[in-house]
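# A look at the structure
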Amino acid sequence: GKDYLALVEGEPSEATGVISEPVEGQSAQSAYSVEEVFKTRGGTYSLIKVSITSGRRHQIRIHLAGMGHPVCGDPLYRKFSECPTRPYNPHDPVARLLKEECKKPGTMLFLHAHALQLKHPRTNEALELQANLSTHFSKCLVGLRAL
């Protein structure tokens, strides 16, 4: 399996769930759980863990936007979400980070491939590989947790 962390706009109504919607005409499932919720003066954000077995192109971005909680910084699928566009608010740490550090829109997506589980090709031993969050993602979470 593959586990991702995503910072999304808003707070899902269900703390856990499975999204089963086709992506590019093929079946796709994304199981999610809300790990943290941040309520700021600039809006509400949620840190979500998403696990997938199928890996369709942009699957997680499509599924999260489709449930009304697009990935922060996503210029492509956000427009298909029911989430309203918010004006820039200097008190919003996510908006501030995006404005300060992005050279152009869409260069800072808050979606991170966190863990990959697979079997060793020779020994068949179960392996789990983990990757640390990027600097911008970590910096943003530190800012949100400090509020």
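Please refer to the structure placed before this passage.
Below you will find a few notes about this structure. None of the values given here were measured: they were computed from a predicted structure. (Residues numbered from 1 in each chain as written. Predicted model: local features only at pLDDT ≥ 70, side-chain atom pairs only at ≥ 80, totals over all residues. Heavy atoms only, no water.)

## Side note on the sheet that holds strand 5 (residues 111-119)
Rules: Only strands joined by at least two bridges in the DSSP assignment are considered to pair. Each helix is a run of H or I in the DSSP string that is no shorter than four residues. Each strand is a run of E no shorter than two, and both are numbered from the N terminus. Interaxial angles span 0 to 180 degrees and are taken between N-to-C directions of axes, which are lines fitted to C-alpha atoms, for helices over the stretch in contact. Whether two residues touch is decided by their heavy atoms; if any such pair falls within 4.5 Å, the residues are in contact.
Across the sheet, six strands lie side by side as 2-3-4-1-5-6; this open sheet has antiparallel pairing. Both edges of this open sheet fall to strand 2 (16-20) and strand 6 (126-130), since each of them pairs with a single strand only. Each strand of the sheet is rotated relative to its neighbour by a mean of 25°, with strand direction disregarded. When strand 1 (residues 2-9) meets strand 4 (residues 43-52), the two strands line up antiparallel, connected through eight bridges. In the strand pairing of strand 4, L5 is matched with K49. Lying over the sheet, helix 3 (residues 135-145) contacts strand 1, strand 3 (29-40), strand 4 and strand 5, oriented at roughly 50° with respect to strand 1.

## So, the side chain of T40
This is how the line gets drawn: Under the rule applied, a polar contact is a pair of N or O atoms within 3.5 Å (in protein, one hydrogen donor and one hydrogen acceptor; residues adjacent in sequence only if both atoms are side-chain atoms).
Note on placement: T40 falls in strand 3. At 2.7 Å, the side chain of T40 and the backbone oxygen of G43 are in polar contact.

## Re the pattern of salt bridges
Opposite charge on two side chains makes pairing possible when the charged atoms of those side chains draw close. Heads up, the rule is: Throughout this description, the term salt bridge denotes a Lys or Arg side-chain nitrogen within 4 Å of a carboxyl oxygen of Asp or Glu. Using a 1.4 Å probe on the protein chains alone, a residue whose accessible area is under 20% of its type maximum counts as buried, one over 50% counts as exposed, and one in between counts as partly exposed.
The final tally for this structure, using the stated rule, is three salt bridges. With its nearest N and O atoms 3.0 Å apart, the salt bridge here joins E11 to K39. Linking E11 in the loop between strand 1 and strand 2 with K39 in strand 3, this pair joins segments that are 28 residues apart in sequence. Look at K39 and you get exposed, because its relative accessible area is 60%.

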